[in-house]
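Here are the chains, one letter per residue:
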Amino acid sequence: MSHALKIAGASKAFDGRPALRRASFACDWGEVHALLGENGAGKSTLMNVACGLYAPDEGTIAVDGQPAAITAPADAARLGIGMVHQHYKLVKRFTVAENIVLACRSALGVRRPRDAAEAVASKAAEVGFDIDPDAVVGDLSIAEQQRVEILKVLLLGARILILDEPTSVLTDQESVAALSFMRRLAEDGHAVVLITHKLREVIGYSSRVTVMRGGETVLAGAETAGMDAETLARTMVGEEGEMAERHARTLGEVRLRVEELSVRGAGGIGVEDVGFAVRGGEIYGIAGVGGNGQQELADALTGLRPPARGRIAIDDDEMAGRDVPAFRRRGMRAVPADRFRTGLLAELAVYENHGVTGVPAGEYGNPALVRRGAMKAAAAGAIDAYNIQGAAPATLSRLLSGGNAQKLLLARELRGEASVLIAHSPTRGLDVSACRTVHDLLQGAADAGTACVLISEDLEEVLSLSTTIAVISRGRLVGEFAAGEVSRAEIGRLMLGHA
Amino acid sequence: MLSPIYLVPRQQAPLWMRAATFVGGIALGLLIAFGILIAYGVSAGQIVNEFIVYVFLDLNGLAQVVTASTPLVFVGLAAAAALKLKFWNIGVEGQMWLGCIAATGVALFDIGPEFFRLPLMFIAAAIAGACWIGIPAFLKLRFRVNEIITSLLLTYVAYQLVQHLLFGPWHDPGSAFPNSRHYDEGIERLARLGWGSSHTGIWIALGAGALLWFTMARSRLGFYMDAIGANVEAARAAGIPVVLTTAFAAAMSGGLAGVAGAGLAAGQEYRMTLFIAGGYTFSGIVIAFIGRFRPVPVIITAFVVGGVYTAGDTLKVFYQLPAAITTLIEAVILLTFVVVEFFSRYRLSWGVREHA
């Protein structure tokens, strides 16, 4: 029997940074095939190639044994490939039927929502969904909206169904229902690809599993039966690699103390009763899968979001509830996760970005006037010192590459005396050499006596840099270890909620 | 099948390109507007006469342009000061009314010594305008109420207030119309320049422009405004006092609008009437947008729009064109400018998709 979907030797780079390196994938009709990997392992990129959203730099795709040229989503749809993305593509104010007509007008052969309602209702009944075609999508629960997305894909004639992290926004009961439904679809002869990083789902619901790491396929289509969480976790996060040099540092006094901290979440999980202390010279690594409260924690530690409860002390000064200028006056410095959203001012020049934190602190002039000349001179010095390529002081910062933008950000934040440095995913999206530079800079800050907090989804990074390693899961710190006293697999299990 | 066309962002636009975009956008807009006028039956020769010869090449016409431009400079600067950091002041007219009320109050009740009466009228107008925008600014910064709605609606409140005063306590008994008493000559009126209807208000307007330029380019407040306008979240994370800066910028905006109202009353009408502030919100936003919220191009744009106002008046009277013709031309210039500006940031690329 030929494979339902087969991808071979797929490579894809964004901005010169490889996201896929000769990755391969094959799944069969009638199976739920799990695609497992950490964030950024290339799972979604690979499947986006299959459904025509990305054109691979190299590689071939075959559907049902036939070579397929997929250059646009329409090609994929014609070949019966449908994907339910992590972020639903539904118009909230439209009804279910209207949304479906919007997406599948030609497939259904109808123009008006009224005519589609019948087709929608019968398809829903066929697959066992209880959905009212006239319900407004915005009034539906997330799980129901997901069913609308699945219906859309099925009505488009999909026989190969790709679901990207379908349970990440569902409750446990909803997850069980959704996963059982996927099993039923497979029993009906569909091929179902389940992109996930949850081991429980892989073991419980898939018949075979492909594991990706760093853009490569590290385990191709192994039978799930008989696999245990331990083996899977180790395959996913890799063997103990060569560790970056971690210097021995003399740790100073506690400079950052967090006690019983709770932060309300922005829609998702918040932070629940978190406590830890970081000493000068220490890098305190917080590992975890994205969306487990990291953003809320970083926001609270930098003064952007007032905590609901608890204490944050910098050098024994109570900071909880105070604003960013107060945190910065106490020497707090931050590298935010999204460098062009909360870090840099993309439409302003390099020198303005370099000087922007200094001005409120009293640098570059007086309260009335700013001295842009001094700002430019300081930026020119930083461009040399940090080797920021492609930049002059007057260059717009949006023209910098990711690595150089991050160097600019670090040059600004590491200027002067820093008591505490909060770095959130500081190497996300960077190439290898830029990663190294960022890591060296973080170590340098710690060497200078700064208390560093490194919040990262990159386990490698946390393990290689941190003096102390904690794991965040569902908004709580679920473990704290001294470096070298914990195995990668142990951390992996805690990250995935398999304590 | 049609070959796809992609929009590719351009690199940093050099100064000459930005200048060419500015001039080209306005010129193209005027050309399209002339096309509409020709469709209305005005001949090309007449357009050249009305728009160029009698407006910009004739001393009397030019004096009229200066007079028409004076309030436009103020409202353009007012809109720019707020829009710079994405605070949508849609209530410029309301603040003008308040400025007008404050100045008229000072004049009618002879507050302060005579030599200081005129400056006091303008100071009172600036404070009144700033207070009027203070309401939407406070509601936005404290309770996140949308300032577009509140500033717009407060315009109508201000106009009701003006009507109350002009039909009631401030009504000039010697007039059958709802006007206030005239301002005292030589004390409460802006001096003429001795050139058509132009008056010293233009110097105040240009002075305000210079002050705003200095604030934006050189002061810490201006630097904060730049940062907040570019990315408010990153500005907050960098420790910039977003609330205070926004409040200051809004107050500058309202204050400038208030002064615009006082200038119209003290420079042209010499009293408060029901028709002083009409239509200036729209013009202010058009001018601020075309000037990219920078004082120097805003002032230049204000003079171009002042020319359109002047020519539009003639067209209304002598060619029986509808009164909306001025607004129409302004709108066409704005739309053209926005399109031209877009293509100065992006270029079209036919053919193969360039992967990001």
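Before any of the text, the structure's been laid out above.
Residues numbered from 1 in each chain as written. Chains lettered and ligands numbered in written order. Predicted model: local features only at pLDDT ≥ 70, side-chain atom pairs only at ≥ 80, totals over all residues. Heavy atoms only, no water.

(A) Focus on a nonpolar patch on the surface. Residue and element names in this part refer to chain B. A cluster of nonpolar side chains, Ile5, Leu7, Val339, Phe342, Phe343, Leu348 and Trp350, forms an exposed patch at the surface whose accessible area comes to about 650 Å². At three residues, the largest contribution of residues to the nonpolar patch is made by helix H13 (residues 325-345). Within the element layout of this structure, Trp350 appears in strand S2 (residues 346-350). Residue Trp350 is classed as exposed on the basis of its relative accessible area of 55%. (Patch = residues over 30% accessible without salt bridge, like charges linked within 9 Å, V, L, I, M, F, W, Y side chains within 5 Å. Areas by Shrake-Rupley, 256 points an atom, 1.4 Å probe, with all protein chains shown as cover. Salt bridge = Lys/Arg side-chain N within 4 Å of Asp/Glu carboxyl O. Helix = DSSP H or I, 4+ residues; strand = E, 2+ residues; numbered from the N terminus. Buried < 20%, exposed > 50% of the residue type's maximum accessible area, 1.4 Å probe, protein only.)

(B) Representation of empty space enclosed by the protein within the structure. Considering all chains together, one arrives at two cavities of 30 Å³ or more under this definition. Taken as a whole, the second largest cavity holds about 40 Å³ of empty space. Across the lining of the second largest cavity, the residue classes tally to four nonpolar, four polar and two charged. (1 Å grid on protein atoms, 1.4 Å probe; cavity = no way out; pocket = protein on both sides within 12 Å on 5 of 7 lines; lining within 4 Å. Points joined across faces, edges and corners; volume = space filled by probe spheres on them. Nonpolar A, V, L, I, M, F, W, Y, C, P; charged D, E, K, R; others polar.)

(C) Structural detail: the sheet that holds strand S9 (residues 208-213) of chain A. All names here are of chain A. The mixed open sheet is built from six strands, whose spatial order is S6-S7-S8-S3-S9-S10. Each edge of the open sheet is held by one strand with a lone partner, namely strand S6 (81-84) and strand S10 (216-223). The average angle at which neighbouring strand axes cross in this sheet is 15 degrees, direction not considered. One ladder, built from four bridges, connects strand S3 (residues 32-36) with S9; its direction is parallel. Residue pairing in the sheet places Leu36 in a bridge with Val211 of S9. Sheet strands in contact with helix H1 (residues 43-50) are S3, S6, strand S7 (160-164), strand S8 (191-196) and S9, and its direction is about 150 degrees off that of S8. Packed onto the sheet, helix H5 (residues 142-155) meets S6 and S7 and runs at close to 170 degrees relative to S6. (Pairing = 2+ DSSP bridges. Axes fitted to C-alpha atoms, helices over the stretch in contact; angles between N-to-C directions. Contact = heavy atoms within 4.5 Å.)

(D) Just the nonpolar core, in detail. One finds B:Leu72, B:Leu77, B:Met96, B:Met121 and B:Met272 to be the most contacted residues of the largest nonpolar core, which totals 92 residues. Grouped together as the second largest cluster of nonpolar side chains are 34 residues, A:Val120, A:Phe129, A:Ile131 and A:Leu185 included. (Core = buried A, V, L, I, M, F, W, Y, C linked by side-chain atoms within 4.5 Å.)

(E) Structural context of the packing of H5(A) against helix H6 (residues 172-187) of chain A. All names here are of chain A. Relative orientation of the contacting elements H5 and H6 amounts to 15 degrees, with a least axis distance of 11 Å. If you check the angle between H5 and H6, you find them roughly parallel. Where H5 crosses over H6, the handedness of that crossing is right-handed. Between H5 and H6, the contacting residues are Ala143, Gln146, Ile150 and Leu154 on the first element and Glu174, Ala178, Phe181 and Leu185 on the second. (Parallel < 35°, antiparallel > 145°, perpendicular 65-115°, else oblique. Left-handed = near helix turned anticlockwise from the far one by under 90°.)

(F) Representation of the interface of chain B and chain A in the model. Contact with chain B, which involves 27 residues of that partner, is made by 38 residues of chain A. Carbon and sulfur atoms supply 55% of the area that chain B and chain A bury against each other, a total of about 2500 Å² over both sides. Looking only at chain B, the three residues that lose the most surface to chain A are B:Gln12, B:Arg220 and B:Phe223, adding up to 28% of its buried area. Linking chain B to chain A there are two salt bridges. Residues A:Arg341 and B:Glu233 are paired through a salt bridge, measuring 2.4 Å at the closest nitrogen-oxygen approach. At the boundary of chain B with chain A, the tally comes to 11 residue pairs in polar contact (both at pLDDT 80 or more). Only helix H7 (201-218), helix H8 (220-230) and helix H9 (232-237) of chain B provide two or more residues apiece to the side of chain B that touches chain A. Of all the elements, H8(B) adds the most residues to the side of chain B that touches chain A, at six residues. Its residues assigned to classes, the side of chain B that touches chain A comprises 13 nonpolar, six polar and eight charged. (Buried area = accessible area lost by both parts, 1.4 Å probe. Polar contact = N/O pair within 3.5 Å; in protein donor to acceptor, adjacent residues only side chain to side chain.)

In short, shape yes, function no, at least from these values alone.
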